Amino acid sequence: MSSQKNQETPPTDTAITDPHHWVQNHADYLYSYAITRINEEDQARDLVQETFLAALERLDKFEGRSSERTWLTSILKNKIIDVYRKNSSGLGKKMVNLTVEEQDQDFFDPYDGHWKKSHRPEPFGIEDHDPLMNKELNSILKKCMQKLPALWLSVFTMKHIDDETTDLICAELKVTPSNFWVIIHRAKLNLRACLQKNWN
Amino acid sequence: MNELKNIIYNCRKATFLIEKKQLTVLTLREKVELRIHLTGCSICRLFQKQSIGINRMVHELFHSAQHKELKLDENYKKKLQERIEEQLDKN
């Protein structure tokens, strides 16, 4: 890697990326990135720190092909996926092993697949116009997302917010493609029902 | 024909396809099945509208949060930079 004891003249690789200003330039950005996905302040902070420390260890791998921020974000992203994986290795996985029929039973009639009367969608204000994204709605949406099992939330977040490919999500979170679609479906059914119930 | 009939009356399958459609391309068969179902099922049409709306809301929520840039505690940042300098000195 870089030279030793030569703090005055930065080594060549730090000419492209400048660790002396990392915190000043990127810490807030990385923190917002983490907190929107992890929703846990302490953990998000820790991830920012871990990201910088990991980046230091592979300074020589930074080739300047992407911007410094993009590079740091990609390191953070991997750390977030690790968290997803850890969070979802427990309860969430078991639930996904249920058959589709069992899982959707509370929404649909097990015999004909119709909506059960008690679970039918009803209009609640987001059908035709985009609702004003006010604080109240934001917090309900967040709360409803947090109610999802960890694995579902991880899958949902990676797909809808990070636009990751289905292949990558399946590989990283160790779900089969067919389970992936079951989760996507199931997560939305629950999220929608939660919004309908809590909004108004 | 039996299978086709199945989806026409099956809201579980239809909502599954509604979700899938928003993230990938449906097969021709799936497209036809879904279209037929939606023609006859106002509840799933409503579900579809809401589902699309939710996706937009989720997207907006996260990307506007990103623009706002929540701030890390200044003290924490100071310590963080010190930590980085320490590591740099070690190398």
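All values reported here derive from a predicted model rather than from experimental measurement.

Chemist: Can you tell me about the packing of aromatic side chains, naming the residues and giving the values?
Modeler: All chains considered together, the criterion is met by eight aromatic pairs over all chains. Seen from their ring centres, W22 of chain A and F52 of chain A are 5.7 Å apart, and the 20 degrees between their planes marks the pair as stacked. One end of the pair, W22 of chain A, is in helix α2 (residues 22-38); the other, F52 of chain A, is in helix α3 (residues 41-57), with 30 residues separating them in the sequence. W22 of chain A gets classed as buried once you look at its relative accessible area, which sits at 0%. What makes F52 of chain A buried here is its relative accessible area of 0%. One aromatic cluster is present, formed by W22, F52, F62 and W71 of chain A through successive ring pairs. Just above the ring of Y33 of chain A sits the side chain of R37 of chain A; from NZ or CZ to the centre is 3.6 Å. Lying over the aromatic face of W181 of chain A, K20 of chain B brings its terminal NZ or CZ to 5.8 Å of the ring centre.

Chemist: Provide a residue-level description of the nonpolar core, including the pertinent values.
Modeler: In terms of nonpolar packing, the biggest core is built from 66 residues, with W22 and F52 of chain A touching the most fellow members. The biggest single contributor to this core is α2 of chain A, with ten residues. Residues from two domains meet in this core; each of domain 1 (12-87) and domain 2 (91-198) of chain A gives at least three. Not counting chain neighbours up to four residues away, the residues in contact with F52 of chain A comprise W22, V23, H26, A27, L30 and L72 of chain A together with L80 and I84 of chain B.

Chemist: Tell me about the pattern of salt bridges, residues and numbers included.
Modeler: Counted under the stated rule, the structure contains twelve salt bridges over all chains. Salt-bridge contacts for R29 of chain B lead to E33 of chain B; the nearest nitrogen and oxygen are separated by 3.0 Å. Here R29 of chain B and its partner E33 of chain B are both found in helix α3 (residues 28-40), four residues apart, which amounts to about one turn of the helix. When its relative accessible area of 48% is taken as the criterion, R29 of chain B is described as partly exposed. Between E74 of chain B and K77 of chain B there is a salt bridge whose closest N-O contact spans 3.3 Å. Within this pair, E74 of chain B and its partner K77 of chain B are both found in helix α5 (residues 74-90), separated by three residues, close to a single helical turn. The buried category is assigned to K77 of chain B, whose relative accessible area is 9%. Connected through shared salt-bridge partners, D28 of chain A together with K71, E74 and K77 of chain B make up one network.

Chemist: Describe the environment of K71 of chain B, listing the residues and the values that go with them.
Modeler: Looking at the element boundaries, K71 of chain B is found in the loop between α4 (42-68) and α5. Judged by its relative accessible area of 57%, K71 of chain B is exposed. Those residues within four positions of K71 of chain B in sequence are excluded, and the remaining contacts are D28 and Y31 of chain A.

The rules behind each value
- Counting of residues starts from 1 at the beginning of each chain's written sequence and follows it residue by residue.
- Written order determines the labels here, with chains lettered from A and ligands numbered from 1.
- Two thresholds apply to this predicted model, a pLDDT of at least 70 for residue-level local features and 80 or more for giving and counting side-chain atom pairs, whereas whole-chain, interface and lining totals are computed over all residues.
- Calculated side-chain values reflect all of the structure's heavy atoms, with hydrogen atoms and water omitted.
- Centre distance within 6.5 Å is the pairing criterion for rings of Phe, Tyr and Trp, where only the six-membered ring of Trp is used; planes under 30 degrees apart are then read as stacked, over 60 as edge-to-face, and the remainder as tilted.
- Put simply, DSSP H or I for four residues or longer makes a helix, DSSP E for two residues or longer makes a strand, and each gets a number counted from the N terminus.
- Here's how the labels work: a residue is buried when its accessible area is under 20% of the maximum for its type, exposed when over 50%, partly exposed in between, all with a 1.4 Å probe on protein chains only.
- By the criterion adopted, a ring carries a charge over it if an Arg CZ or a Lys NZ lies within 6 Å of its centre and within 35 degrees of its normal.
- Grouping buried Ala, Val, Leu, Ile, Met, Phe, Trp, Tyr and Cys residues that are joined through side-chain atoms within 4.5 Å yields what is termed a nonpolar core.
- An automatic or database domain assignment supplies the start and end points of every domain.
- Residue contacts follow a heavy-atom distance rule, with two residues in contact if any of their heavy atoms lie within 4.5 Å.
- We define a salt bridge as a side-chain nitrogen of Lys or Arg found within 4 Å of a carboxyl oxygen belonging to Asp or Glu.

Without other data, these values stay purely geometric and don't point to any function.
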